[in-house]
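Listed below, chain by chain, are the residues.
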Amino acid sequence: MSDRTEEAHVDLLDAIVAALNLPLPSIEVADERLHYRLLVRRALAVRIIIEANRAVTRDPRLAADAIRTRTAEEPVTYTPFKGETNGEVR
């Protein structure tokens, strides 16, 4: 595998991780539901993009770009969890 191809695959993996790495929601039920729905939608989008890419172009750069575009279209709209440490809010 060439360095260029390896870099493209690493970029694809980075795009997948970024799409699925959502901040935890607050403890509000509505935020938990929004978090779950967003995670499901993003996971489905990643799966569809990867499957289409494998069937058509097999170009990891195109898949990474498509995943990043789709992720930008589905932003976090819920309130993220704010953890506490020794009574202090982070």
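Residues numbered from 1 in each chain as written. Predicted model: local features only at pLDDT ≥ 70, side-chain atom pairs only at ≥ 80, totals over all residues. Heavy atoms only, no water.

## What about the pattern of salt bridges?
No. 1: Counted by the stated rule, this structure contains 5 salt bridges.
No. 2: Between E74 and R41 there is a salt bridge, and its shortest N-O distance comes to 2.8 Å. Here the residue E74 occupies a position in the loop between α3 (60-73) and β1 (84-85), and R41 occupies one in helix α2 (residues 29-55), the gap between them amounting to 33 residues.
No. 3: According to the relative accessible area criterion, R41 is partly exposed, its value standing at 37%. (Salt bridge = Lys/Arg side-chain N within 4 Å of Asp/Glu carboxyl O. Helix = DSSP H or I, 4+ residues; strand = E, 2+ residues; numbered from the N terminus. Buried < 20%, exposed > 50% of the residue type's maximum accessible area, 1.4 Å probe, protein only.)

## Description of unusual backbone geometry
No. 1: The phi torsion at R58 lies on the positive side, around 60°, for a residue other than glycine.
No. 2: Using a relative accessible area of 62% as the deciding quantity, one classes R58 as exposed.

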